[in-house]
Number of protein chains: 2
Amino acid sequence: MSLKLYGYWRSSASYRVRIAMHLKQIDFDYVPVHLVKDGGEQRSAAYSSMNPSMLVPTFVDEDEDIVLNQSLAIMEYLDDKYPNTPALLPSHTLDKARVRALAQDIACDIQPVTNLRILEGLKSDFSASSEQTQAWCSKWITQGFTALEKRLATRSGKYCYGYDVTLADVCLVSQVYNALRFKVDMQRFPLIQKIYDNCNELEAFQKAKPEAQTDAG
Amino acid sequence: MSLKLYGYWRSSASYRVRIAMHLKQIDFDYVPVHLVKDGGEQRSAAYSSMNPSMLVPTFVDEDEDIVLNQSLAIMEYLDDKYPNTPALLPSHTLDKARVRALAQDIACDIQPVTNLRILEGLKSDFSASSEQTQAWCSKWITQGFTALEKRLATRSGKYCYGYDVTLADVCLVSQVYNALRFKVDMQRFPLIQKIYDNCNELEAFQKAKPEAQTDAG
């Protein structure tokens, strides 16, 4: 197998790339990196020499001799390399820009401020309790989703951008999964909830779910 | 003038788009949105109806009838729409992926966790002092730059990726500007510092500097 994805079942950035690869029906080896066990396997010498950010996911294409981090960059790489599988981005410049912006509303504005290392930082730097870190996550996801729900009112259809699955849906589904963990009130976001449900009817999204991974625990 | 950029002089995401537009020598109107005055102009009805995230920048192309947020999406839009001006991304799939990943190392992993709304959140939710918020920013920028310095050792030249200015440099320069504000020890990052200095020799980077904007204060 020439394609490897190093990830963690519950990491939403890993989840995104799994969805994208299943949507494009690309075969790959999934290599679990346990973010908590033994102080975090992402900090091991082997992993950090491959990805000095010590974050997941890391994607390896051995045939091309490329090691790539950053879920959005990995997904756009897959879209460039396998253009004949379903595209994750529309072809027109304006549509493409709008879809990228929706994906980044999640991948830049919501997910980074609620991930594991930040919650660990709040605990170590501000003695945050579990209730406080949960409230922190819920607050930023709610704020981000409030804006996203308004944006989706303009151009969503069955999915975030019309009737084809795009990069925006991939990001949305993995973020809603986190929202549910952090007890965000999803009744406030009917469009987001509807798109989440529509996506989860598709086999690619089902195969990519955290609970369906070999390292789920 | 058909192109408008709503931004704030010291917002690093606004700074990125200004650099990109000056690099591509695109004329635009810069419209300041004061993030602090009167509770934040980004929360006004007029601005939030255009950008419900209530963040800067927002880019408007009146000829195309497009209103776009997210600095990375805006810059890729400019690169798609004006391909004959200097490209911000290399043309080869592998190179493009690596440059996008470098840009996202900054735009997803560093900047979002140190921006104004997060610092306000630390103050309101954890009674963080100014010293503590500065230490928070310094910690995450230092951690991100430590990884980035290692990555740059492989493929940087005069700039982040060889000898042409890319999206990665645009993100790097605006992030170093913030690092200096938050008193990050830049001596630990000689490659980043060198690239920052090389970029700042270019007129486009000089014109985009926070202090050169009409709303600098």
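Under an unreviewed UniProt entry, the name given to chain A is Maleylacetoacetate isomerase, and the organism recorded is Glaciecola nitratireducens. UniProt, in the comment section headed Sequence similarities (unreviewed entry), describes chain A in these words: "Belongs to the GST superfamily. Zeta family."

## Examining the overall build of chain A
Per the secondary structure count, chain A includes 9 helices and 4 strands. Along the chain direction, N to C, the helices and strands of chain A fall in the order β-α-β-α-β-β-α-α-α-α-α-α-α. Taken against the 2.2 N^0.38 rule, which gives 17 Å for 217 residues, the C-alpha radius of gyration of chain A at 17 Å falls within 12% of a compact globule. Buried positions account for 61% of the 217 residues belonging to chain A.

## Side note on the packing of aromatic side chains
For the coordinates displayed, the defined rule picks out 15 aromatic pairs over all chains. Considering the side-chain rings of Trp136 of chain A and Trp140 of chain A, the 5.5 Å spacing of their centres and the 75° angle between planes classify their relative orientation as edge-to-face. With Trp136 of chain A and Trp140 of chain A both in helix H6 (residues 130-155) and 4 residues apart, the pair spans about one turn of that helix. For the pair Trp136 of chain A and Trp140 of chain A, one class covers both residues: buried. Members of the aromatic cluster, connected to one another through ring pairs, are Phe126, Trp136 and Trp140 of chain A together with Phe126, Trp136 and Trp140 of chain B.

## Regarding the sheet that holds strand S2 (residues 29-32) of chain A
All names here are of chain A. Pairing is mixed in the open sheet, where 4 strands are placed in the order S2-S1-S3-S4. The two strands at the open ends of the sheet, each matched to only one other strand, are S2 and strand S4 (66-69). Averaged over all pairs of adjacent strands, the angle between their axes in this sheet comes to 20°, without regard to strand direction. Taken together, the 4 bridges between strand S1 (residues 3-7) and S2 define a ladder with parallel strand orientation. In the strand pairing of S2, Tyr6 is matched with Val31. Here helix H1 (residues 12-23) sits on the sheet in contact with S1, S2 and strand S3 (58-61), set at roughly 150° to S1.

## Focus on the relation of the copies chain B and chain A
Of the transformation placing chain B onto chain A, the axial shift is 0.0 Å and the rotation is 180°, giving an RMSD of 0.0 Å. The operation mapping one copy onto its partner corresponds to a two-fold rotation axis. Minimal C-alpha distance to the rotation axis in chain B is attained by Cys108 of chain B, lying at 2.4 Å. Residue by residue, 100% of the interface of chain B is reproduced at the interface of chain A, so both copies engage with the same surface.

## Side note on the interface of chain B and chain A
Interface size is commonly expressed as the accessible area that is lost once the parts come together. Counting from both sides, the interface comprises 45 residues of chain B and, opposite them, 45 residues of chain A. Taking both sides of the interface into account, the surface hidden between chain B and chain A amounts to around 4,200 Å²; carbon and sulfur atoms contribute 59%. It is Gln70, Arg117 and Phe126 of chain B in chain B that bury the most area against chain A; as a group they hold 15% of the surface buried on that side. Linking chain B with chain A are 6 salt bridges. In this structure, Asp80 of chain B and Arg100 of chain A form a salt bridge, with 3.8 Å as the shortest nitrogen-oxygen distance. The tally of links between chain B and chain A comes to 20 residue pairs in polar contact (both at pLDDT 80 or more). Mapped onto the side of chain B that touches chain A, the elements with two or more residues apiece are strand S4 (66-69), helix H3 (71-81), helix H4 (93-107), helix H5 (116-126) and helix H6 (130-155) of chain B. Per-element tally for the side of chain B that touches chain A: the top contributor is H4 of chain B, with 10 residues.

## As for the pattern of salt bridges
This structure, assessed with the given rule, holds 24 salt bridges over all chains. Asp125 of chain B is paired through a salt bridge with Lys139 of chain A; the nearest N and O atoms lie 3.0 Å apart. Of this pair, Asp125 of chain B sits in helix H5 while Lys139 of chain A sits in helix H6, which puts the two residues in different chains. For Asp125 of chain B, a relative accessible area of 29% puts it in the partly exposed group. Where salt bridges share partners, they join Glu76, Asp80 and Arg100 of chain A together with Glu76, Asp80 and Arg100 of chain B into one cluster.

## Some remarks on the UniProt feature "domain: GST C-terminal" (unreviewed entry) in chain A
Here the UniProt feature "domain: GST C-terminal" (unreviewed entry) sits at residues 92-217 of chain A. With 67% helix and 0% strand, the stretch residues 92-217 of chain A has end C-alpha atoms that lie 42 Å from each other.

## Side note on the packing of H4 of chain B against helix H7 (residues 167-181) of chain B
Residues and elements named next belong to chain B. Here H4 crosses H7 at 20°, and the two axes come no closer than 8 Å. Judged by the inter-axis angle, H4 sits roughly parallel to H7. The chirality of how H4 crosses H7 is left-handed. Residue-level contacts link Val99, Leu102, Ala103 and Ile106 of H4 to Leu167, Ala168, Cys171, Leu172 and Gln175 of H7.

## What to know about the packing of H7 of chain B against helix H8 (residues 190-200) of chain B
Residue and element names in this part refer to chain B. In contact at an axis separation of 10 Å, H7 and H8 are set at 110° when each is read in the N-to-C sense. Considering their axes alone, H7 and H8 lie roughly perpendicular with respect to each other. Contacts between H7 and H8 involve Asp169, Leu172, Val173, Val176, Tyr177 and Leu180 from the first element and Ile192, Ile195, Tyr196, Cys199 and Asn200 from the second. Here the contact of H7 with H8 is composed, by residue class, of 9 nonpolar, 1 polar and 1 charged.

## A look at H3 of chain B
Most of H3 of chain B sits inside the fold, with 9 of its 11 residues counted as buried. Residues of H3 of chain B that are buried include every one of Ser71, Leu72, Ala73, Ile74, Met75, Glu76, Tyr77, Leu78 and Asp79 of chain B, and no others. Buried-residue contacts for H3 of chain B involve helix H4 (93-107) of chain A together with helix H1 (12-23), strand S3 (58-61), S4, H4 and H7 of chain B.

## Quick look at unusual backbone geometry
Of all residues except glycine, most have a negative phi; of all peptide bonds, most are trans. Residues and elements named next belong to chain A. Note that the residue after Val56, namely Pro57, is joined by a cis bond; omega there is 0°. Here Pro57 is to be found in the loop between helix H2 (45-50) and S3. Phi angles above zero are rare outside glycine, and Met54 is one such case at about 55°. Structurally, Met54 can be placed in the loop between H2 and S3. Residue Lys183 is not a glycine yet carries a positive backbone phi of 60°.

Reading the values: rules and limits
- Residues numbered from 1 in each chain as written.
- Chains lettered and ligands numbered in written order.
- Predicted model: local features only at pLDDT ≥ 70, side-chain atom pairs only at ≥ 80, totals over all residues.
- Heavy atoms only, no water.
- UniProt positions renumbered as here; feature names shortened; annotations may be inferred.
- Helix = DSSP H or I, 4+ residues; strand = E, 2+ residues; numbered from the N terminus.
- Rg over C-alpha atoms; globule rule 2.2 N^0.38 Å.
- Buried < 20%, exposed > 50% of the residue type's maximum accessible area, 1.4 Å probe, protein only.
- Phe/Tyr/Trp six-rings, centres within 6.5 Å; stacked < 30°, edge-to-face > 60°.
- Pairing = 2+ DSSP bridges.
- Axes fitted to C-alpha atoms, helices over the stretch in contact; angles between N-to-C directions.
- Contact = heavy atoms within 4.5 Å.
- Least-squares fit on C-alpha atoms with pLDDT ≥ 70 in both.
- Buried area = accessible area lost by both parts, 1.4 Å probe.
- Salt bridge = Lys/Arg side-chain N within 4 Å of Asp/Glu carboxyl O.
- Polar contact = N/O pair within 3.5 Å; in protein donor to acceptor, adjacent residues only side chain to side chain.
- Parallel < 35°, antiparallel > 145°, perpendicular 65-115°, else oblique.
- Left-handed = near helix turned anticlockwise from the far one by under 90°.
- Nonpolar A, V, L, I, M, F, W, Y, C, P; charged D, E, K, R; others polar.

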